[in-house]
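Residue-level listing of the chains:
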Amino acid sequence: DAGVTQSPTHLIKTRGQQVTLRCSPKSGHDTVSWYQQALGQGPQFIFQYYEEEERQRGNFPDRFSGHQFPNYSSELNVNALLLGDSALYLCASSLISGGVTGELFFGEGSRLTVL
Amino acid sequence: AQSVTQLDSQVPVFEEAPVELRCNYSSSVSVYLFWYVQYPNQGLQLLLKYLSGSTLVESINGFEAEFNKSQTSFHLRKPSVHISDTAEYFCAVSASGTYKYIFGTGTRLKVLA
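## Section: the packing of aromatic side chains
Ring pairs (aromatic) are described by centroid distance and by the angle formed between their planes.
Part 1: Tallied over the full model, the rule gives 15 aromatic pairs over all chains.
Part 2: Residues Phe60(A) and Phe64(A) carry aromatic rings whose centres are separated by 5.1 Å and whose planes lie at 65 degrees to one another, so their mutual orientation is edge-to-face.
Part 3: When its relative accessible area of 15% is taken as the criterion, Phe60(A) is described as buried.
Part 4: Seen from their ring centres, Tyr101(B) and Phe103(B) are 6.3 Å apart, and the 35 degrees between their planes marks the pair as tilted. Each member of the pair, Tyr101(B) as well as Phe103(B), is classed as buried.
Part 5: Taken together, the ring pairs in this structure connect Tyr35(A), Phe45(A), Phe106(A), Phe34(B), Tyr36(B), Tyr101(B) and Phe103(B) into an aromatic cluster.

Quick look at the structure:
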């Protein structure tokens, strides 16, 4: 059973560019959350997608957007990249049960470097 | 709003010694609590969780944590650590009625031979 898979694993962009990160959830999971982990910090919640809609959003600007597809996979898009967007972007999948987000299963992340 | 504080950024400890990694949280509503471990160049893996019931929870590899509501703490302990326990440990809280996890800044556990 494949776990959460993310692509690409590493990428380098320059300021002002746009980036798309992709995530396939663990088999059977219907919910995808995205987190940003800056160097030396804990993960910060960006947003969560469920039933192809953004269910909750953290304190991130509108430059950060996402999408969930009918097969539950997800994309994270970041526009007008800033140096401060350099981080490890983690995707986590889970199964909603009783209205509660279940245990999060994380992928290995996509490391974005903005020059 | 919820917050998590991990009081120690780094904890060095000799192999076979006991260790405690501290975590305190704040929340005005009931919470679920988690400990995740992150090995170098890997994603986060769930170590243990408190959802309800017994306040003492255990993992399969010898770690345990105790939920203390009066002290708003969820400290992680292991009676005897191994070199392979060297990793970064994150405490997280998820409040009832929300979908996001709030993570602490992490504690880097370094086990010395």
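Next, the rest of the story.
## What to know about the sheet that holds strand E8 (residues 74-78) of chain A
Residues and elements named next belong to chain A.
Part 1: Sheet architecture is open: four strands sit in the order E1-E3-E8-E7, paired in antiparallel fashion. Edge positions in the open sheet fall to strand E1 (5-7) and strand E7 (64-68), since each of these has one partner strand only. Strand-to-strand twist of the sheet, defined as the mean angle between neighbouring strand axes without regard to direction, takes the value 20 degrees.
Part 2: Alignment of E1 against strand E3 (residues 19-24), held across three bridges, turns out to be antiparallel. Looking at E3, one finds that Ser 7 is bridged to Arg 22.

## Some details on the state of the cysteines
By definition, a disulfide links the sulfur atoms of two cysteine residues through a covalent bond.
Part 1: Counting across every chain of the model gives two disulfides over all chains.
Part 2: A disulfide bridge connects Cys23(A) with Cys91(A), and the sulfur atoms are separated by 1.8 Å. Given an S-S torsion of about -65 degrees, the disulfide between Cys23(A) and Cys91(A) has left-handed geometry. In this pair, Cys23(A) is assigned in strand E3 and Cys91(A) in strand E9 (residues 87-94), connecting sequence segments 68 residues apart. Cys91(A) carries the same exposure label as Cys23(A), and that label is buried.
Part 3: The residue that forms a disulfide with Cys23(B) is Cys91(B), at a sulfur-sulfur distance of 1.9 Å. Torsion about the S-S bond of the Cys23(B) and Cys91(B) cystine: about -65 degrees, corresponding to left-handed handedness. With Cys23(B) in the loop between strand E3 (19-21) and strand E4 (24-26) and Cys91(B) in strand E10 (residues 87-95), this residue pair connects regions lying 68 residues apart in the sequence.
Part 4: On the accessibility criterion, Cys23(B) (0% relative accessible area) is buried.

The rules behind each value
- Residues numbered from 1 in each chain as written.
- Chains lettered and ligands numbered in written order.
- Predicted model: local features only at pLDDT ≥ 70, side-chain atom pairs only at ≥ 80, totals over all residues.
- Heavy atoms only, no water.
- Phe/Tyr/Trp six-rings, centres within 6.5 Å; stacked < 30°, edge-to-face > 60°.
- Buried < 20%, exposed > 50% of the residue type's maximum accessible area, 1.4 Å probe, protein only.
- Pairing = 2+ DSSP bridges.
- Helix = DSSP H or I, 4+ residues; strand = E, 2+ residues; numbered from the N terminus.
- Axes fitted to C-alpha atoms, helices over the stretch in contact; angles between N-to-C directions.
- Disulfide = S-S within 2.5 Å.

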